[in-house]
Amino acid sequence: MTKIGVFVCWCGSNIAATVDVDAVSEAIKAAPGVVFATNYQYMCSEGGQAAIRSAVAEHGLTGVVVCSCSPRMHEATFRKAAAGAGVNPYMVEIANIREQCSWIHKDKAEATAKAIALARAAVAKLNLDRPLTAPETPVTKRALVIGGGIAGIQTALDVADAGYEVDVVEKSPTIGGKMAMLDKTFPTLDCAACILTPKMVDAAAHEKITLYTYSEVEKVSGFVGNFTVDIKKRARSVSVDRCTGCGVCSEKCPSKRAKSEFDQGLRERSAIYIPFAQAIPNVPVIDRDTCLKFQTGKCGLCEKVCPSHAVDYSQEDEVITKQYGAIVAATGFKPIGLERFDEYAYSRSPDVVTSLEFERLCNAAGPTKGHLVRPSDGKEPKTVVFVQCVGSREASGIGAMKGKPYCSKICCMYTAKHAMLLREKYPDSEAYVFYIDVRTPGKNFDEFYRRAAEEYGVHYIKGMVGKVCDEGNGRLTVRASDLIENRQLLIDADMVVLAAAVEPDPSARALATLLTASMDTNDFFTEAHPKLRPVESPTAGVFLSGMCQGPKDIPDTVAQAGAAAAKVIGLLSKDRLVGNPCVASCDETLCNGCSACERVCPYGAISYETKTVVDRGAKDERRVASVNEALCQGCGACTVTCPSGAMDLRGFTGRQIMAEVDAICR
């Protein structure tokens, strides 16, 4: 018979202020199987855990119920305490009388009655629990980082410096990401390339890091510690081993009408190109959509002029399969498209640019060699209007939102930076910033914003830009409101810069499907717990780094990259991983082979095979479900789908769940 001890936590005043903990511990003593019950101020403390160990030894407990906060908080703590006292850790149940009881009730009598009911339910389930043994699996000592921006690079370097092999997969021809496009970084205004390029070089030179650029993850299978990943290496049509990066092919290429992705379409590039001077690898790639050789079968000039004979038109895409113990998603972001914001004349005037386009115009390696000029006529702008929150903080209302409901976090700071750069280049220019609120919560950020307004003379106007009119003579008219002065403004501008909202890279959702990772409604990856596990995905072995998880600046991105690397190192440092024993199992005598469970399993843990099944003394060849316990995450989807009741979940069987329901309804 199960001997159960019940421990009711006060949680300070979180529970005790609303629940009569003495009444709960006294009432639960009458529950079947309970031989001991008590309450304590902080069960998760060392004293509380010592009380559990002492009660186990004194009363010979075989099961423990802790009435406390959510099992997401301290289930592992109490399981460890029970295991230390000789009780199977899966003979521990948590009755959540904080979030599910004290936090949502004001009447003490009502809250106490509910707490007793929840405690009874946990005891009823524990009476049907059976000791479980967690499986162990070996760990592949290699990590995969998906994305080669600053987040991916920093994560890879930190993991590699700990002595583990790391592969970085980047879909672009070079690593560097969006940070490589920037001119200066806030709040120090130091050169972005000067910070990023050494890290790019370190990543390329590191003996533990392998770069797969111009590549994409095509398939992911397996589980934490043992992932199998197919990586598709797209054909560059140039040999990485032979190319010296001399650039002769790009110079001689006759097809130069493609828009440069790196320069945001502000200049044209050749069909064979290196994205930027510091690109790694410093090897060109042929854009087959614009290459005359691939489109018409003629030309081939780059192959003829290449001194290293590196151009190879016969290259084909290649798929390689690798094994990994951990995967880090670092897919980054992109600015939202502004096609739906016609009021700003972005699609009609070349002098209305996004903030990232403004960065390229300021950059010494940009399309204008760092000379900030109007895209339309190459003249120096004298009056520039910066519009904040374009597509950010869109209030929900009638009809579909054009933008995003969240704050993009970085726009206030980079707009201040842009206004300062403008005033540095042209001290006689005028900079107007229209804002809803100025949000500068980072270290030295508010000082940076104040410096823009007070030292550089940037005009900050609290108000909204209603419309930007292209007058057709190279002039822009900005119609706006000043909410402080309560007046309408009409500004003749040479350029308008739109602080576009940021959103996850389009590849994120497809990748989340491959990784069986969770995403929020805005397609950002969801962390396992926003406070306690901010860089872990709910999918074991998958970690998050950078802006794939939410808007953040470079310092926060680098910090999160280091945190993700620490989690990866902790995982890879283990020789074997302890798995979850609460997995699905199939009663083969009930299974009718319908495949319903296989179709709903999000982890691909269920397959079907033909077996000889002995049912009530009779042998029968049947097609029955088989569960891969290493892949199963215990989600329970199969148990509710199975029409014959053959699928059940260890530790959460149908009998156990119904016992809880009966106890509550009693």
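Residues numbered from 1 in each chain as written. Predicted model: local features only at pLDDT ≥ 70, side-chain atom pairs only at ≥ 80, totals over all residues. Heavy atoms only, no water.

### Describing helix α15 (residues 507-515)
- Along α15, the residues classified as buried are Ala 508, Leu 511, Ala 512 and Leu 515. Taken down its axis, α15 places every buried residue within 105° of arc, on the same side.
- In this structure, the buried side of α15 is in contact with β6 (142-146), β11 (215-223), β18 (326-329), β28 (502-504) and β29 (542-544).
- Downstream of α15 by a residue or two, Thr 516 has a phi angle that is positive, lying close to 50°. (Buried < 20%, exposed > 50% of the residue type's maximum accessible area, 1.4 Å probe, protein only. Helix = DSSP H or I, 4+ residues; strand = E, 2+ residues; numbered from the N terminus. Arc of directions from axis to C-beta. Contact = heavy atoms within 4.5 Å.)

### A few points about the domain arrangement of the protein
- Taken domain by domain, the protein holds domain 1 (4-127), domain 2 (142-234 + 317-332 + 505-572), domain 3 (248-305), domain 4 (336-503) and domain 5 (584-650).
- Inter-centroid distance (C-alpha atoms) of domain 1 to domain 4 is 57 Å. (Domains from an automatic or database assignment.)

### A short note on the sheet that holds β29
- If you walk across this open sheet you meet the five strands as β10-β7-β6-β18-β29, and the pairing is parallel. Looking at the sheet topology across the chains shown, the edges are occupied by β10 (209-213) and β29. On average, each strand axis in the sheet is tilted by 20° relative to the strand beside it, whichever way the strands run.
- With five bridges joining them, β6 and strand β7 (residues 165-170) adopt parallel strand pairing. Bridging across to β7, Leu 144 finds its partner in Asp 167.
- Packed onto the sheet, helix α16 (residues 554-572) meets β6, β18 and β29 and runs at close to 160° relative to β29. (Pairing = 2+ DSSP bridges. Axes fitted to C-alpha atoms, helices over the stretch in contact; angles between N-to-C directions.)

### Some details on the packing of helix α13 (residues 411-425) against helix α14 (residues 445-454)
- Axis separation between α13 and α14 bottoms out at 9 Å; the angle between their running directions is 35°. Pair α13 / α14 crosses with left-handed handedness. Seen from α13, the contacting residues are Met 413, Ala 416, Lys 417 and Met 420; seen from α14, they are Phe 445, Phe 448, Arg 451 and Ala 452.
- For the contact of α13 with α14, the residue count by class is six nonpolar, no polar and two charged. (Left-handed = near helix turned anticlockwise from the far one by under 90°. Nonpolar A, V, L, I, M, F, W, Y, C, P; charged D, E, K, R; others polar.)

### Things to note about the sheet that holds β11
- If you walk across this open sheet you meet the three strands as β11-β12-β17, and the pairing is antiparallel. Edge positions in the sheet fall to β11 and β17 (318-324), since each has one partner strand and no second. Sheet twist, expressed as the average angle between the axes of neighbouring strands with direction ignored, equals 20°.
- Relative to β17, strand β12 (residues 226-233) is paired through seven bridges, and the arrangement is antiparallel. Its bridge partner lying in β17, Lys 232 is registered against Val 319.

### Here we look at the packing of helix α7 (residues 150-161) against α16
- Orientation of α7 relative to α16, taken along the N-to-C sense of each, is 40°, at an axis distance of 8 Å. When the interaxial angle is binned, α7 and α16 end up oblique. As α7 packs across α16, the resulting crossing turns out to be right-handed. Only Thr 557, Val 558, Ala 561, Gly 562, Ala 565, Val 568, Ile 569 and Leu 572 of α16 make contact with α7, whose side of the interface consists of Ile 150, Ala 151, Gln 154, Thr 155, Asp 158 and Val 159.
- Tallied by class, residues from the contact of α7 with α16 come to nine nonpolar, four polar and one charged. (Parallel < 35°, antiparallel > 145°, perpendicular 65-115°, else oblique.)

### Observations regarding the environment of Val 458
- Here Val 458 lies in the loop between α14 and β23 (459-462).
- When its relative accessible area of 5% is taken as the criterion, Val 458 is described as buried.
- Sequence spacing of Val 458 and Thr 513 is 55 residues, and the spatial spacing of their C-alpha atoms is 45 Å.
- Setting aside residues no more than four positions away along its own chain, Val 458 makes contact with Ala 419, Arg 423, Ala 431, Val 433, Ala 452 and Ala 453.

### Some thoughts on a nonpolar patch on the surface
- A cluster of nonpolar residues, Phe 652, Ile 657, Met 658 and Val 661, forms a patch on the protein surface that exposes about 340 Å² of accessible area.
- Inspection of the secondary structure assignment puts Ile 657 in helix α19 (residues 654-665). (Patch = residues over 30% accessible without salt bridge, like charges linked within 9 Å, V, L, I, M, F, W, Y side chains within 5 Å. Areas by Shrake-Rupley, 256 points an atom, 1.4 Å probe, with all protein chains shown as cover. Salt bridge = Lys/Arg side-chain N within 4 Å of Asp/Glu carboxyl O.)

### Notes on the pairing of strand β33 (residues 618-627)
- In this structure, strand β32 (residues 606-615) lies alongside β33, joined through ten bridges in antiparallel fashion. If you follow Val 614 over to β33, its bridge partner there is Lys 619.
- Adjacent in sequence and paired antiparallel, β32 and β33 are bridged by two residues, among which Arg 616 carries a positive phi angle near 55°.

### Some words on the pattern of salt bridges
- Applying the stated rule across the entire model yields 42 salt bridges.
- Here Lys 171 ties to Asp 505 by a salt bridge, and the two come within 2.7 Å at their closest N and O atoms. In this pair, Lys 171 sits in the loop between β7 and β8 (184-185) while Asp 505 sits in the loop between β28 and α15, placing the two residues 334 residues apart along the sequence.
- For Lys 171, a relative accessible area of 35% corresponds to the partly exposed category.
- Between Arg 451 and Glu 455 there is a salt bridge, with the nearest N and O atoms lying 3.6 Å from each other.
- Residue Glu 455 is classed as exposed on the basis of its relative accessible area of 57%.
- One connected set of salt bridges, linked through shared partners, spans Asp 351, Arg 374, Asp 377, Arg 475 and Asp 494.

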